[in-house]
Amino acid sequence: MLSSVGRASCGATHRPVPRPCYDVLARQSLNNIRFISTTQDNRPFKNIEVEKEGHIEIISINHPEKRNCVNIETARELFSAFQSFKSSEEARVAILCGKGGTFCAGYDLTEVAAADHLGDVLLPYTNSGQAPMGPSRMIIEKPLIAAVSGYAVAGGLELSLMCDLRVAEEDTVFGVFCRRFGVPLIDGGTVRLPALIGVSRAMDMILTGRAVAAQEALQMGLANRVVPKGRALEEALMLAHQIAAFPQACLNADRRSAYNATYKAESFASAMNYEYHRALPVLEEAAKGARRFVEGEGRGGTFQDADTPPS
């Protein structure tokens, strides 16, 4: 969870089906963003920024002088921002990033060292989903993308793991850097990391605390894209526009089923049963899609007829 030690990037070896309009939209989005300056209860944000662009929200940790380390106040702001995203009917995809060239270097250890009662910092697990790093124990029913630059270590690693996709810049470093100080992972690191990259690779990171560079992270499945330095947010926006343009009921039903199979299903049969019953409510969407295909859209595996995201 905690650490000793912005924008994101990822130069991908495997890119999605080319979607030129999303590259353009991503660049335009950087200039057409609407800032949200207050929490749900109208308190001003001090350590994060929330920006909205159509169906996409960008949540940025803005504490670069501390390498975007999270303290109690920042954790509360992040939790509030993700609660707002979770309840928004308009927002379809969220991007989490860090300002100033660093994603997040974990929890602020100066706050831990000064705490009279560690229980004030190391929050127990509750159904609210609030965690020491803020939102890392939440169950969010919509896609999240981490745009990772610089360090994503200790609690910062755990924040990236709560996202569905991680777009990493070529100089990104992942790691369980809190290992050297005897600080445990309590924001989902020991739960999500083995599920994402397998127990063997997860143990390599957890037991040694070593640094994992972007290209190795890509090879092990920790990063989904690697892009040049300074390009992670742009790439994440392209992915977000692409995801936001798809039929949402079907997309989110499949997402829920994948997570159920990973974390909750007791057997193959129960996972298959869950998948089937979660698919039934979206069959109307499927029928519309089938009619579009019959009429000629998407033949040959192309997305060209669907390149304009919904308003």
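Residues numbered from 1 in each chain as written. Predicted model: local features only at pLDDT ≥ 70, side-chain atom pairs only at ≥ 80, totals over all residues. Heavy atoms only, no water.

**Side note on the overall build of the protein**
Note the cut-off: Helix and strand assignments follow DSSP, with helices taken as H or I runs no shorter than four residues and strands as E runs no shorter than two, numbered in order from the N terminus. Each residue's exposure class comes from its accessible area (1.4 Å probe, protein chains only) as a fraction of the maximum for that residue type: buried when under 20%, exposed when over 50%, partly exposed otherwise. For every accessible area listed, the method is Shrake-Rupley and the probe measures 1.4 Å; residues are considered covered only by the protein chains on display.
Helix and strand content of the protein: 11 helices and 10 strands. Buried residues in the protein amount to 48% of all 311 residues. About 14700 Å² of surface is accessible on the protein, with carbon and sulfur atoms providing 53% of the total.

**Topic: the pairing of strand 2 (residues 48-53)**
Condition: DSSP bridges decide pairing: two strands pair if at least two such bridges lie between them.
The element strand 2 is extensively covered by neighbouring structure, given that five of its six residues are classed as buried. Bridging between strand 2 and strand 3 (residues 56-61) involves six bridges; their strand directions are antiparallel. Bridge pairing links Val-50 to Ile-59 in strand 3. Linking strand 2 back to strand 3 in an antiparallel pair, the connection comprises two residues, with Gly-54 at a positive phi of about 65°.

**Points about the layout of surface pockets**
Condition: Only protein atoms enter the 1 Å grid used here. Points where a 1.4 Å probe fits but cannot escape make up a cavity, open sets with protein on both sides within 12 Å along at least five of seven lines make up a pocket, and a residue lines them when an atom lies within 4 Å of a point. Grid points are joined across faces, edges and corners, and a volume is the space filled by probe spheres set on the points. Nonpolar residues are Ala, Val, Leu, Ile, Met, Phe, Trp, Tyr, Cys and Pro. Charged residues are Asp, Glu, Lys and Arg, and all others, Gly as well, are polar.
Counted as a void, the largest pocket has a volume near 740 Å³. Looking at the largest pocket, it is lined by 24 residues, and the ones nearest its centre are Met-138, Ile-139, Arg-192, Tyr-259 and Tyr-263. Only helix 5 (189-197) and helix 9 (248-264) provide two or more residues apiece to the lining of the largest pocket. Top element by residues in the lining of the largest pocket is helix 9. It accounts for six residues. Of the residues contributing to the lining of the largest pocket, the split by class is 13 nonpolar, three polar and eight charged.

**Considerations on the nonpolar core**
Cut-off, in case you're wondering: Side-chain atoms within 4.5 Å link the members of a nonpolar core, which is a set of buried Ala, Val, Leu, Ile, Met, Phe, Trp, Tyr and Cys residues. Here, two residues are considered to be in contact whenever any of their heavy atoms come within 4.5 Å of each other.
Val-70, Leu-159, Phe-174, Met-205 and Leu-222 are the most contacted members of the largest nonpolar core, which has 48 residues in total. For this core, the leading source of residues is helix 2 (residues 72-87), giving six residues. Residues contacting Met-205, with those up to four places away along its chain left out, are Leu-157, Phe-174, Gly-175, Val-176, Leu-193, Ile-197, Arg-210, Val-212, Met-220 and Leu-222. If you look at the next biggest cluster of nonpolar residues, it comprises 17 residues, including Ile-58, Ile-145, Leu-233 and Ala-236.

**Focus on the confidence of the model for the protein**
Rule in force here: As a per-residue measure, pLDDT reflects the predictor's confidence and takes values from 0 up to 100.
Residues of the protein with pLDDT of at least 70 account for 74%, and the chain-wide mean is 83. When the criterion is pLDDT under 50, residues 1-21 qualifies, and its contacts beyond four places in sequence or with other chains add up to 117 contacts. When the criterion is pLDDT under 50, residues 305-311 qualifies, and its contacts beyond four places in sequence or with other chains add up to 18 contacts.

**Digging into the sheet that holds strand 9 (residues 212-213)**
Taken in spatial order, the three strands of this open sheet run 6-8-9, and their pairing is mixed. Strands at the two margins of the open sheet, each flanked by one partner only, are strand 6 (151-153) and strand 9.

**A few points about helix 8 (residues 232-245)**
Basically, it comes down to this: One fewer than the residue count of a helix, multiplied by 1.5 Å, yields its expected span.
The end-to-end C-alpha distance of helix 8, which contains 14 residues, comes to 20 Å, matching closely the 20 Å that a straight helix rising 1.5 Å per residue would cover. Most of helix 8 is tucked away, with 14 of its 14 residues classed as buried.

**Here we look at the pattern of salt bridges**
Selection criterion: The rule for a salt bridge is simple: a side-chain nitrogen of Lys or Arg has to be within 4 Å of a carboxyl oxygen of Asp or Glu.
With the rule as written, the count across this model stands at 10 salt bridges. The partner of Lys-99 in a salt bridge is Glu-49, with the nearest N and O atoms 3.3 Å apart. Taken together, the residues Lys-99 in the loop between strand 4 (93-98) and helix 3 (109-114) and Glu-49 in strand 2 connect sequence positions 50 residues apart. Residue Lys-99 is classed as partly exposed on the basis of its relative accessible area of 26%. The class of Glu-49 is partly exposed, set by a relative accessible area of 21%.

**Looking at the packing of aromatic side chains**
One pair of aromatic rings is described through two measures. These are the centre distance and the angle between the planes. As a reminder of what qualifies: Pairing of aromatic side chains here covers Phe, Tyr and the six-membered ring of Trp, requires ring centres within 6.5 Å, and sorts the geometry by plane angle: under 30 degrees stacked, over 60 edge-to-face, intermediate tilted.
Using the criterion set out here, one finds two aromatic pairs in the structure. Pairing Tyr-151 with Phe-177 gives two aromatic rings, centres 6.1 Å apart and planes at 65°, and the pair type is edge-to-face. With a gap of 26 residues between them, Tyr-151 in strand 6 and Phe-177 in the loop between strand 8 (173-175) and helix 5 connect regions that are remote in the sequence. Classification of Phe-177 as buried rests on a relative accessible area of 8%. Judged by centre distance (6.2 Å) and plane angle (15°), the ring pair of Tyr-259 and Tyr-263 falls under stacked. Note that Tyr-259 and Tyr-263 are positioned in helix 9 at a spacing of four residues, about one turn of the helix.

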